[in-house]
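Reading the structure
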Amino acid sequence: MDYNHEHKAGRIGWIRAVVLGANDGIVSTASLIVGIAASQVAPEHLFIVGLAALVAGAMSMAAGEFVSVSSQTDIEHAEISLEQKHIDRNWVAEEKELANIYVERGLEGDLAMQVAKQLMAKDAIGSHVRDELGITEQSQGNPFQAALFSALSFTAGALLPLLTVLVVNGPLLIPSIVIVSLLSLVLLGSVSAKIGGASILKGSLRVLIWGSLAMAVSIAVGNIFQVSG
Ligand SMILES: [Zn+2]
């Protein structure tokens, strides 16, 4: 048996935020640009469209991530202060409660009680927060950091289709954006699967399918609403 294996759960939080942001940046910006391009809008407008998509998307990702992480943190803080009240008011009951948790995890009653007493003597609230509420420092996120990471990763993703607009034009533009976007989605999917220890094929296939679908629908819509000139 391999005892040197490395646990990867601790990295999952920020990997998830970064991959989600970059995926979103690629898919939404590329879809918007190919959709508008398919409607035959003058090519010089496409860069502004893409830039607006980048700014709006990055702001919205930051706001969404900030709100979600803050409310999670608020809930955790409320839970912790409630727990502190319980401990202040009813130490003995809280010892029993903690001991019961250890019994459920496999300790014998007497030993569980001994462990509970000793842990509570050292750090009462800490032992309840960890073993009863299941809150660890790892699970606690920083809303500012989460917002910044999401905005930056969205921007990085959105830059790929946006820069393609600057380099390519004419009939090659739509296929180029589709190819650049799908390739980077697959690359991102496999890198994140590799870092997270998940299946690379599954990870890249998933983003490939959703990315293709988003761009295909956008192109179809753009074709329907053509700017007749
Ligand atoms: Zn408790």
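Up top is the structure these notes are about.
This structure is a prediction, so every number in the text was calculated from the model and none was measured. The residue numbers shown here count from 1 along each chain, following its written sequence. For this predicted model, a pLDDT threshold of at least 70 governs which residues receive local features, and a threshold of 80 or more governs which side-chain atom pairs are given and counted, while totals over whole chains, interfaces and linings are taken from all residues. Calculation of side-chain values draws on the structure's entire complement of heavy atoms; hydrogens and water are dropped beforehand.

Let's talk about the overall build of the protein
For clarity, the threshold we go by: Each helix corresponds to a stretch of at least 4 residues labelled H or I by DSSP, and each strand to a stretch of at least 2 residues labelled E; elements are numbered beginning at the N terminus. All radius of gyration figures rest on C-alpha atoms, and the globule criterion is 2.2 Å times the number of residues raised to 0.38. In this scheme, a residue with accessible area under 20% of its type's maximum is buried, one over 50% is exposed, and one in between is partly exposed, where area comes from a 1.4 Å probe on protein chains only. In this analysis, two residues are considered to be in contact whenever any of their non-hydrogen atoms come within 4.5 Å of each other. Here the Shrake-Rupley method, with its probe set to 1.4 Å, supplies the accessible areas, and only the displayed protein chains count as covering residues. Charged residues are defined here as Lys and Arg on the positive side and Asp and Glu on the negative side; His and the ends of the chain fall outside this count. For the purpose of locating charges, the reference atoms are NZ of Lys, CZ of Arg, CG of Asp and CD of Glu.
Helices and strands together make up the secondary structure of the protein, namely seven helices and zero strands. In the protein, the succession of helices and strands from N to C terminus is α-α-α-α-α-α-α. By the compact-globule yardstick of 17 Å for 229 residues, the protein is too spread out, its C-alpha radius of gyration being 25 Å. The proportion of buried residues among the 229 residues of the protein is 36%. The long-range share in the protein, meaning contacts at least 24 apart out of those at least 6 apart in sequence, stands at 74%. On the protein, roughly 13,800 Å² of surface is accessible, and the fraction owed to carbon and sulfur atoms is 66%. Separation between the mean location of the 13 positive side-chain charges and that of the 20 negative ones in the protein comes to 5 Å.

Thoughts on the coordination of the zinc ion
What counts here: Sodium, potassium and calcium take a 3.2 Å donor cutoff, other metals 2.8 Å, and in both cases only N, O and S atoms count; water is not among them, so sites may look incomplete.
Ligation of the zinc ion by protein atoms is provided by Glu 83 (OE), Glu 94 (OE), Glu 97 (OE), His 128 (ND1) and Glu 132 (OE), these donors lying 1.8 to 2.3 Å from the ion. Sequence spacing among the residues donating to the zinc ion works out to E-x10-E-x2-E-x30-H-x3-E.

Here we look at the packing of aromatic side chains
Selection rule: For Phe, Tyr and Trp, rings pair up if their centres lie within 6.5 Å, where Trp contributes its six-membered ring, and each pair is then called stacked (planes under 30 degrees apart), edge-to-face (over 60) or tilted (otherwise).
Under the counting rule described, the total for this entry stands at one aromatic pair. Their ring planes at 70 degrees and their centres at 5.1 Å tell us that Phe 66 and Phe 144 sit as a pair that is edge-to-face. Highlighted residues: Phe 66 in helix α2 (residues 46–89) and Phe 144 in helix α5 (residues 143–167), separated in sequence by 78 residues. Classification of Phe 144 as exposed rests on a relative accessible area of 61%.

So, the environment of Leu 152
Turning to its location among the elements, Leu 152 is positioned in helix α5. Distance from Leu 152 to Ala 22, taken between C-alpha atoms, is 8.3 Å for residues 130 residues apart in sequence.

So, helix α7 (residues 200–224)
So the rule is basically this: Residue count minus one, scaled by 1.5 Å, sets the expected span of a helix.
Taking 1.5 Å of rise per residue, 25 residues should cover 36 Å, and α7 covers 36 Å from first to last C-alpha, within 8% of that figure. Turning to α7, its buried residues number three or more, namely Gly 203, Ser 204, Val 207, Gly 211, Met 215, Ser 218, Ile 219 and Gly 222.

Things to note about a nonpolar patch on the surface
Going by this rule: Patch membership requires more than 30% relative accessible area and the absence of a salt bridge. Residues of like charge join within 9 Å; the nonpolar side chains Val, Leu, Ile, Met, Phe, Trp and Tyr join within 5 Å. Should a side-chain nitrogen of Lys or Arg be within 4 Å of a carboxyl oxygen of Asp or Glu, the pair is scored as a salt bridge.
Together, Leu 205, Ile 209, Trp 210, Leu 213, Val 217, Val 221, Ile 224 and Phe 225 give the surface a local cluster of nonpolar side chains, amounting to about 870 Å² of exposed area. Counting through the fold element by element, Ile 224 comes out in helix α7.

Points about the nonpolar core
Defined as follows: We define the nonpolar core as a collection of buried residues of types Ala, Val, Leu, Ile, Met, Phe, Trp, Tyr and Cys that are connected through side-chain atoms lying within 4.5 Å of one another.
With 17 residues, the main nonpolar core has Leu 46, Val 165, Leu 173, Ile 177 and Leu 185 as its most contacted residues. Residue assignment for this core shows that the elements contributing at least two residues are α1 (9–38), α6 (173–196) and α7. The biggest single contributor to this core is α1, with seven residues.

A few points about the pattern of salt bridges
Any two side chains of opposite charge can pair if their charged atoms end up close together. Tallied over the full model, the rule gives two salt bridges. For Arg 105, the salt bridge is made with Asp 131, and the minimal N-O distance between the two is 3.4 Å. You can see Arg 105 sitting in the loop between α3 (91–104) and α4 (109–131) and its partner Asp 131 sitting in helix α4, a full 26 residues away along the chain. Take Arg 105: its relative accessible area is 53%, and that puts it in the exposed class. Measuring nitrogen to oxygen at the nearest pair gives 3.5 Å for the salt bridge that ties Arg 130 to Asp 131. Residue classification places Arg 130 among the partly exposed residues on the basis of a relative accessible area of 39%. Judged by its relative accessible area of 13%, Asp 131 falls in the buried class. Look at the salt bridges and you will find they share partners, linking Arg 105, Arg 130 and Asp 131 into a network.

Examining the side chain of Glu 95
Residue placement: Glu 95 occurs in helix α3. For the buried residue Glu 95, which engages in no salt bridge, the nearest side chain bearing the opposite charge is Lys 117, 4.3 Å off. Those residues in contact with Glu 95 that lie beyond four places of it in its chain are Met 113, Ala 116, Lys 117 and Met 120.

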